[in-house]
Amino acid sequence: METITAILERAQQRAREMDLPYEGALLPSEALDLLQEVPGAKLVDVRSRAEWDWVGRIPGAVEIEWQSYPGMRPNSSFLDYLSSQVDKESLVMFICRSGGRSHQAAATATESGYANCYNILEGFEGEKDATGHRGSKGGWKAAGLPWIQG
């Protein structure tokens, strides 16, 4: 396994290159390494309850909807739930289906005082493949990282 420092430096470099408003951008395998090696690190899954139930869950993740299904209504209590479950000093990694909602969550958390926010690129399911399906092209699942069926 790579050193924590090397992973964080690469994630921070990606954030600078992509002009991101938070600390860094991680690949799924890097996020798992950090989750296992950094004391107090938290993985926050911002997908909807339907996605957790039907697509799969990441064991040990803090689950806070960014938007609620059906209708994908914004969760106005997102920051309240986050602050009740994650310390502002923690290294916090956000994941969603493919990286969009988690990008928004990482930016919002950073704006509210979380200094060590990272987005997990590719998300849980990755991009669509040639047949229009997710889960095989990038993402947490396709990388063979731990997950369970809802």
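None of the values given here were measured: they were computed from a predicted structure.

### Points about a nonpolar patch on the surface
(1) Moving on: Where nonpolar side chains cluster on the molecular surface, the patch consists of Trp54, Tyr69 and Met72 and spans about 370 Å² of accessible area.
(2) Moving on: Checked against the element boundaries, Tyr69 lands in the loop between β4 (67–68) and β5 (73–74).
(3) Moving on: The class of Tyr69 is partly exposed, set by a relative accessible area of 48%.

### Overview of helix α1 (residues 4–18)
(1) Moving on: The first and last C-alpha atoms of α1 sit 21 Å apart over 15 residues, in line with the 21 Å expected at 1.5 Å per residue.
(2) Moving on: Taken residue by residue, α1 has Ile7, Leu8, Ala11, Arg14 and Ala15 as its buried positions. Buried residues of α1, seen end-on, are gathered within an arc of 120° and therefore sit on one face of the element. Opposite the packed face of α1, turned more than 90 degrees from it, sit the exposed residues Arg16 and Glu17.
(3) Moving on: Following α1 by one or two positions, Asp19 adopts a phi angle in the positive range, close to 55°.

Definitions and cut-offs
- Residues numbered from 1 in each chain as written.
- Predicted model: local features only at pLDDT ≥ 70, side-chain atom pairs only at ≥ 80, totals over all residues.
- Heavy atoms only, no water.
- Patch = residues over 30% accessible without salt bridge, like charges linked within 9 Å, V, L, I, M, F, W, Y side chains within 5 Å.
- Areas by Shrake-Rupley, 256 points an atom, 1.4 Å probe, with all protein chains shown as cover.
- Salt bridge = Lys/Arg side-chain N within 4 Å of Asp/Glu carboxyl O.
- Helix = DSSP H or I, 4+ residues; strand = E, 2+ residues; numbered from the N terminus.
- Buried < 20%, exposed > 50% of the residue type's maximum accessible area, 1.4 Å probe, protein only.
- Expected span 1.5 Å × (residues − 1).
- Arc of directions from axis to C-beta.

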